[in-house]
Amino acid sequence: MKKILLILCALGFSTQGALADDGTNTWRGINLDRNFGLQFEVCALKEGKSLADVVKMDPRLKKAWANMDINLSLLRLTPMFSHGMPGRPSVDYIDLVMGDIDEFGSAWDKFIASAEGQKIIADSGEFGDCRFKFARGTNKMMNAEELDSTDNRIMTMNWCSPKEGVSYEQLKAKHASWLTDNGDDQEVAAWNIVIPAQGAGERQGKFMHLVSYTSMAKLMANENWIANGGGSAAVNDYLSSYASCDGEDTWVAEYLIKAAD
């Protein structure tokens, strides 16, 4: 990822999205110059059920969204490198919805008001124990050309909280300088800062680094930069002076529905 791809905006955003006819910087229904919405449907499979049971519901969901003209993107995430340990509750999959915040309101109103939407919610409860979480996302960096070149996605999540005495303005400045200082060295396709909103629970007051790669090779190139390419100094400075973080979870993500630009 070369610095020529990084467009540092006045608010600290960095994007390379397509410019829509109305002049907005958009990609798959998201105005990248504004905060956008993310919905995490966090699910554990019920006893005797498998992900194959979940997949059987997908055609109904896709048809319902199309009939209701819902313009949001939906990805299904399954764990690869996770914090889950034997004997601890696990997350078997996450359905991640991304898009314009106003579109979430319209979509939920239409979905709840429809008989099919209500039936999908009820039927889904037979195989998964799911909890909905809504968050606000800020795009820090995106290489739209790379993201459009493939639907392969590896996504990492790292929950953090500011160190004592560190303000969000200081964190914002640090995140912007991270791109300037380290952008040439990383193979990241997209980087978003996620702030929990509805259903935050114990995450209230924290934030998440949500990072997307287009292959495992690029994820491991980033790991190699940290291990052998000088990246450890930058990471250690961030963790010692700016934020305390839980460590990354890694997920394989599959697109089920793509929003229109």
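Going by the structure above, here's the rest.
Residues numbered from 1 in each chain as written. Predicted model: local features only at pLDDT ≥ 70, side-chain atom pairs only at ≥ 80, totals over all residues. Heavy atoms only, no water.

## Some details on the pairing of strand S8 (residues 153-162)
Now for step 1: The element S8 is largely enclosed, with a buried count of eight among its 10 residues.
Now for step 2: One ladder, built from five bridges, connects S8 with strand S12 (residues 249-257); its direction is antiparallel. Bridged to Ile 154 within S12 is Val 252.
Now for step 3: By the bridge criterion, seven bridges tie S8 to strand S10 (residues 207-213) in an arrangement that is antiparallel. Paired with Thr 156 across the bridge in S10 is Val 211.
Now for step 4: Sheet topology places S8 next to strand S11 (residues 243-245); three bridges connect them, and they run antiparallel. Bridge pairing links Pro 162 to Ala 243 in S11. (Buried < 20%, exposed > 50% of the residue type's maximum accessible area, 1.4 Å probe, protein only. Helix = DSSP H or I, 4+ residues; strand = E, 2+ residues; numbered from the N terminus. Pairing = 2+ DSSP bridges.)

## Regarding the pattern of salt bridges
Now for step 1: What the rule picks out here adds up to 12 salt bridges.
Now for step 2: In this structure, Asp 123 engages Arg 60 in a salt bridge whose closest nitrogen and oxygen atoms are separated by 2.9 Å. Separated by 63 residues along the polypeptide, Asp 123 in helix H4 (residues 115-124) and Arg 60 in helix H2 (residues 58-68) bring together distant segments of the chain.
Now for step 3: A residue is classified by how much of its surface remains accessible, and Asp 123, at 15% relative accessible area, is buried.
Now for step 4: For Arg 60, a relative accessible area of 26% translates into the label partly exposed. (Salt bridge = Lys/Arg side-chain N within 4 Å of Asp/Glu carboxyl O.)

## Quick word on helix H8 (residues 231-241)
Now for step 1: Listed as buried for H8 are Gly 231, Ala 234 and Tyr 238. When H8 is viewed along its axis, its buried side chains cluster within an angular range of 70° and face the same direction. Seen from the buried face of H8, the exposed residues on the opposite side, beyond 90 degrees, are Ala 233 and Ser 240.
Now for step 2: Summarising the contacts, the buried residues of H8 are in contact with helix H6 (168-182), S10, helix H7 (216-228) and S11. (Arc of directions from axis to C-beta. Contact = heavy atoms within 4.5 Å.)

## Considering the environment of Ala 259
Now for step 1: Its place among the elements puts Ala 259 in the segment after S12.
Now for step 2: Along the chain, Ala 259 and Ile 30 lie 229 residues apart, while their C-alpha atoms are 8.6 Å from each other.
Now for step 3: For Ala 259, the residues in contact, after removing those within four places along its chain, are Arg 28, Gly 29, Asn 71, Leu 72 and Ser 73.

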